[in-house]
Amino acid sequence: MEKGKIVSIEDRIPKLKQLRKSKANRRLVLLLSLFFILVACVLYFLSPLSYVKSVQVEGNRYITSKQIIKLSKVKKDRSIWKVDTGTAEANIKKNQEIKSVKVTPVFPNSIKITVSEHNRMAYLSNNGKFAPILENGSVLEELATGEIPVFAPVLIGFKEGKALKLLLEELDKLPVEIQNAISEIHYAPTKTDEYHIVMFMNDGFEVSATSRTLYEKMIHYPSIVSQLDPNVKGVIDLEVGSYFKAYEDAEQKEDTNEEN
């Protein structure tokens, strides 16, 4: 049987010493690294480096970021880790348009505010001023002078009551793309229909309808328009059936009556 190679103890001792020294060095480096990280963290928390430098707002559509930051009452003279996020969220939720809000510290020195707003279903027009109406039915204060209604139709001739309530219920059922296609809705009651309305669309067409069946009829609006000549504008009547009358035809009829 072949004997294994014999290594003397004298040869092994230097290698063991080197191995131990290497382990000790690694341990020392690790301890020093942890120490410096700890010192850096302490300095960060105690120094202005952790103070709020910026506040970022996400998810807002109607309320400006500046307004939301002001509502939050987050100040820049304190550490982001000392900001009372619960109080900041409660302050922001005092605004009727805010559905939900989350305030989060972001390393090294930022605060992120993520909001979700109630949709504005429409704007109630009154003497040239516009009051937003939310999806939950709340009517807000009128917009500041010069502020333009966006992302929802303007309601003209309406007052708070059952006609407005029914219209909002029907609008809420419609897809967002159809809601956004409506520019103005005029309340135009008749002897036979107290819920009759006239809508002016962003694509130039006019729609005569009733709030009673608004969702049922307007859900087909994209399909109806796709079959019409975009260069020939007129009235799409959705009260009973569904038919189109061009403005040119109406003008010609008026001219004929005048001649007679």
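Quick note: structure is the one above.
Conventions and cut-offs
- Residues numbered from 1 in each chain as written.
- Predicted model: local features only at pLDDT ≥ 70, side-chain atom pairs only at ≥ 80, totals over all residues.
- Heavy atoms only, no water.
- Core = buried A, V, L, I, M, F, W, Y, C linked by side-chain atoms within 4.5 Å.
- Buried < 20%, exposed > 50% of the residue type's maximum accessible area, 1.4 Å probe, protein only.
- Helix = DSSP H or I, 4+ residues; strand = E, 2+ residues; numbered from the N terminus.
- Contact = heavy atoms within 4.5 Å.
- Patch = residues over 30% accessible without salt bridge, like charges linked within 9 Å, V, L, I, M, F, W, Y side chains within 5 Å.
- Areas by Shrake-Rupley, 256 points an atom, 1.4 Å probe, with all protein chains shown as cover.
- Salt bridge = Lys/Arg side-chain N within 4 Å of Asp/Glu carboxyl O.
- Phe/Tyr/Trp six-rings, centres within 6.5 Å; stacked < 30°, edge-to-face > 60°.
- Lys NZ or Arg CZ within 6 Å of the ring centre and 35° of its normal.
- Pairing = 2+ DSSP bridges.
- Axes fitted to C-alpha atoms, helices over the stretch in contact; angles between N-to-C directions.

Q: When you look at the nonpolar core in this model, what are you seeing that I'm missing?
A: Where a protein is soluble and globular, its nonpolar side chains tend to be buried together. Formed by 29 residues in total, the largest nonpolar core has its most connected members in Leu155, Ile185, Met199, Val207, Met218 and Ile236. When residues of this core are traced back to their parent elements, those giving at least two are strand E4 (120-126), strand E5 (129-134), helix H4 (162-173), strand E7 (182-187), strand E8 (196-201), strand E9 (206-210), helix H6 (214-218) and helix H7 (221-226). Once residues within four sequence positions are removed from consideration, methionine 218 is found in contact with Leu174, Ile178, Ile182, Met199, Met201, Val207 and Leu238. The next biggest cluster of nonpolar side chains, apart from the first, holds 17 residues, and it includes Tyr44, Val57, Ile68 and Val115.

Q: Would you explain unusual backbone geometry in this entry?
A: The general pattern is negative phi for most residues beyond glycine and trans for most peptide bonds. Cis geometry marks the peptide bond from phenylalanine 107 to proline 108, where omega comes out at 5°. Along the chain, proline 108 turns up in the loop between strand E2 (98-106) and strand E3 (110-117). Phi at phenylalanine 151 takes a positive value of approximately 65°, unusual for a residue other than glycine.

Q: How should a nonpolar patch on the surface be read in this particular structure?
A: Where nonpolar side chains cluster on the molecular surface, the patch consists of Leu28, Leu32, Phe35, Phe36, Val39 and Leu43 and spans about 580 Å² of accessible area. The topology assignment puts valine 39 in helix H1 (residues 9-46). Judged by relative accessible area, which is 31%, valine 39 ranks as partly exposed.

Q: In this structure, what is going on with the packing of aromatic side chains? I would like to understand it.
A: Between two aromatic rings, the relevant description is the distance of the centres plus the angle of the planes. All chains considered together, the criterion is met by three aromatic pairs. Between phenylalanine 205 and phenylalanine 244 the ring centres are 5.9 Å apart and the planes differ by 75°, which places this aromatic pair in the edge-to-face class. Taken together, the positions of phenylalanine 205 in the loop between E8 and E9 and phenylalanine 244 in strand E11 (residues 243-246) put the pair 39 residues apart, joining distant regions of the chain. Here the guanidinium or amino end of lysine 233 rests over the ring plane of phenylalanine 205, the centre of that ring lying 4.4 Å away.

Q: What exactly am I supposed to notice about the sheet that holds E3 here?
A: Either a parallel or an antiparallel arrangement is found when strands of a sheet pair, and the pairing is made through backbone hydrogen bonds. A sheet is described by the order of its strands in space; here three strands give the open sequence E1-E3-E2, paired in mixed fashion. What marks the edges here is a single partner per strand, and that holds for strand E1 (54-58) and E2. Recorded for the sheet is a direction-independent mean angle of 20° between the axes of neighbouring strands. Looking at chain direction, E1 and E3 are connected through five bridges and run parallel. Following the sheet pairing, glutamine 56 is matched in E3 by lysine 112. Against the sheet, helix H2 (residues 65-72) touches E1 and E3, its axis set at about 120° to E1. Each of E2 and E3 touches helix H3 (residues 85-92); the most contacted strand, E2, lies at about 150° to it.

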